[in-house]
Amino acid sequence: MDEGRPDVTTAAMAKHWVSDQACLVVDRCLQLFGGSGYMKEYPIAHLFADTRVLRIFAGANEAMKELVARSL
């Protein structure tokens, strides 16, 4: 990107991996908190809702997989 050549494939791979890893970490934290992790008084409930949206923002992860597959 610094050289002026946008690399859509690398950006798609990064977006997909980062959003999946964030959801994985928050899901594990939610398991640690148990049922209280679903109550809005706890920060983990807000994190869970926020990270689920990451898979949709700036293109769905399924669309990112398709972009990467086309470059192969």
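Rules used in this analysis
Residues numbered from 1 in each chain as written. Predicted model: local features only at pLDDT ≥ 70, side-chain atom pairs only at ≥ 80, totals over all residues. Heavy atoms only, no water. Helix = DSSP H or I, 4+ residues; strand = E, 2+ residues; numbered from the N terminus. Buried < 20%, exposed > 50% of the residue type's maximum accessible area, 1.4 Å probe, protein only. Polar contact = N/O pair within 3.5 Å; in protein donor to acceptor, adjacent residues only side chain to side chain. Contact = heavy atoms within 4.5 Å. Axes fitted to C-alpha atoms, helices over the stretch in contact; angles between N-to-C directions. Left-handed = near helix turned anticlockwise from the far one by under 90°. Nonpolar A, V, L, I, M, F, W, Y, C, P; charged D, E, K, R; others polar.

### Regarding the side chain of Ser19
Relative to the helices and strands, Ser19 is located in helix α1 (residues 8-33). Classification of Ser19 as buried rests on a relative accessible area of 3%. A distance of 3.2 Å separates a polar atom in the side chain of Ser19 from the backbone oxygen of His16. In contact with Ser19, not counting residues within four places along its chain, are Leu54, Arg55 and Asn61.

### Quick notes on the packing of α1 against helix α3 (residues 61-71)
Packed helices, taken two at a time, are described by the angle their axes make and the gap between the axes. Put simply, α1 and α3 touch, their axes get as near as 9 Å, and they point 140° apart. Crossing of α1 against α3: the hand is left-handed. Across the interface between the two elements, Val8, Thr9, Ala12, Met13, Lys15, His16, Ser19 and Asp20 of α1 pack against Asn61, Met64, Lys65, Leu67, Val68 and Ser71 of α3. Classifying every residue of the contact of α1 with α3 by side-chain character gives six nonpolar, five polar and three charged.

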